[in-house]
Amino acid sequence: MTQTLTFLGIESSCDDTAAAVIRHAPGDVPQILASVVEGQTALHAAFGGVVPEIAARAHAERLDHCVEQALVESGLALRDLDGIAVTAGPGLIGGVLSGVMLAKGLAAATGLPMVGVNHLAGHALTPRLTDQLAFPYLMLLVSGGHCQFLIAHSAERFQRLGGTIDDAPGEAFDKTAKLLGLPQPGGPAVQAEAALGNAKRFAFPRPLLDRPGCDMSFSGLKTALLRARDAVIAERGGLTVQDRRDLCAAFQLAVAEVLAEKTRRALAIYLEHDPAQPALAVAGGVAANTLIRAMLETVCAKAGVRFLAPPLRLCTDNAAMIAWAGIERFRAGMVDDMALAARPRWPLDATAAPMIGSGKKGAKA
Ligand code: KG4
Ligand code: ZN
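Residues numbered from 1 in each chain as written. Chains lettered and ligands numbered in written order. Predicted model: local features only at pLDDT ≥ 70, side-chain atom pairs only at ≥ 80, totals over all residues. Heavy atoms only, no water.

Asker: Tell me about the site of ligand 1, residues and numbers included.
Answerer: Every one of the 19 residues lining ligand 1 counts as a neighbour, but Gly144, Asp174, Gly187, Gln191 and Gly285 are closest to it. For ligand 1, an oxygen atom lies 3.1 Å from a polar atom in the backbone of Gly170. Here an oxygen atom of ligand 1 and a backbone polar atom of Gly285 are 2.9 Å apart. Listed by contribution, the elements that provide at least two residues to the shell around ligand 1 are helix 5 (169–179) and helix 6 (186–194). With 4 residues, the top contributor of residues to the shell around ligand 1 is helix 6. Split by residue class, the shell around ligand 1 holds 5 nonpolar, 11 polar and 3 charged. (Near = heavy atom within 4 Å. Polar contact = N/O pair within 3.5 Å; in protein donor to acceptor, adjacent residues only side chain to side chain. Helix = DSSP H or I, 4+ residues; strand = E, 2+ residues; numbered from the N terminus. Nonpolar A, V, L, I, M, F, W, Y, C, P; charged D, E, K, R; others polar.)

Asker: Go over the nonpolar core, please, and point to the residues and values.
Answerer: The biggest cluster of nonpolar side chains holds 86 residues, and the ones touching the most others in it are Phe204, Phe218 and Phe251. The element contributing the most residues to this core is helix 8 (residues 241–271), with 14 residues. Residue-level mapping places this core at the junction of two domains, with at least three residues from each of domain 1 (5–130 + 317–331) and domain 2 (135–313). Those residues in contact with Phe251 that lie beyond four places of it in its chain are Ala172, Phe173, Thr176, Val190, Phe204, Leu221 and Leu225. If you look at the next biggest cluster of nonpolar residues, it comprises 25 residues, including Ile10, Val21, Leu63 and Ala88. (Core = buried A, V, L, I, M, F, W, Y, C linked by side-chain atoms within 4.5 Å. Buried < 20%, exposed > 50% of the residue type's maximum accessible area, 1.4 Å probe, protein only. Domains from an automatic or database assignment. Contact = heavy atoms within 4.5 Å.)

Asker: Describe in detail the environment of Gln69, supporting the description with residues and values.
Answerer: By the secondary structure assignment, Gln69 is in helix 2 (residues 52–74). With relative accessibility at 35%, the residue Gln69 sits in the partly exposed group. A sequence separation of 170 residues divides Gln69 from Leu239, and the C-alpha atoms of the two residues are 47 Å apart.

Asker: Which residues make up the pattern of salt bridges, and what values go with them?
Answerer: Using the criterion set out here, one finds 14 salt bridges in the structure. With a closest N to O distance of 2.8 Å, Asp243 and Arg201 form a salt bridge. In this pair, Asp243 sits in helix 8 while Arg201 sits in the loop between helix 6 and helix 7 (219–236), placing the two residues 42 residues apart along the sequence. Judged by its relative accessible area of 31%, Arg201 is partly exposed. With a shortest N-O distance of 3.7 Å, Glu235 and Arg236 are connected by a salt bridge. Of the two residues, Glu235 and Arg236, both sit in the exposed class. Because the salt bridges share partners, they merge into one network encompassing Arg201, Glu235, Arg236, Asp243 and Asp246. (Salt bridge = Lys/Arg side-chain N within 4 Å of Asp/Glu carboxyl O.)

Asker: Give me the lowdown on the pairing of strand 8 (residues 158–163), citing residues and values where you can.
Answerer: Among the 6 residues that make up strand 8, 5 are buried, leaving the element largely enclosed by the rest of the structure. With 5 bridges connecting them, strand 7 (residues 147–152) and strand 8 associate as antiparallel partners. Bridging across to strand 8, Leu150 finds its partner in Arg160. As consecutive antiparallel partners, strand 7 and strand 8 are separated by 5 residues. (Pairing = 2+ DSSP bridges.)

Shape is all these values report; function is a separate question.
Listed below in structure tokens is the structure:
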């Protein structure tokens, strides 16, 4: 399909309500005409995690405003669009349903084609939106809800090499922050403390490194941190500022080393596919971590693989990635009809063994 396409994207699978408009002429760099993201952090702050009912209600209330704002910002009307892309899963079902129902309403009213997008495919295709990356490339999704290695072979074919069997790394950062009395989201807070700490003071485990493959586990690290914290408190009657910094530094180093070693293994499998322009791209909030990013860059440099980290606003949840994935799927001939279902679980790679567990942000893939 060689025509220029302008797509609206809708995202509501977790705690960000988002709408975006993307235009793409084949051969050209895609243009993000608008990308509106309304976070719900304040709504969930008092509860220590995302409350699905509150999230669903906020999506239902705010989605149409976000769509309207995205259209205003792009200077377009619904009639100027060529299609509507919507996250149809995986995620918190109330939110996904809000988005899918809105997309169906818009499609019915306008006659525009509608494309259901897997949220993880949205993340995984982002390096093509930002850097026009050629297939096949290796993708590491690391956020509060996701953690997996994928080889993106095409817009429809993703091969999962492994992922977390329990918590996502962002979730582990958030729980660590909670255990140490630091603010949420925990990642930036733990990173700031870690910068002033001594990582060698506590010997935290490197879970699953003794086993082959790319699967990971982060919940044991959180337990190790809890034990180390309690031991310090039992010995000294409390935590000093330096104790907290050292605990953060040791925890962060453990996560970074696990991710680096598993990335080495994932790269080895990926390189067997003999990619013409080998590349690893990361997505998700944890990719903002300076130490993790630096260690991944080193692993890639040693393997002769290009390292890409799209800008953070496109790495974290947004609707531009959904609009883009919708365009890619539409060009590949995929369109949905009114039977499009909202799916709480939707593995990107149906042939891979299912992942165990579920993160703080609901159902995983
Ligand atoms: O991708 P994201 O915005 O949302 C989803 O989880 O989908 O990622 C948020 C997660 C949070 O758990 C947050 O603590 C973590 O990313 N995070 C970080 C850093 N910045 C954000 N983790 C480690 N280091 C950081 N600098
Ligand atoms: Zn996400």
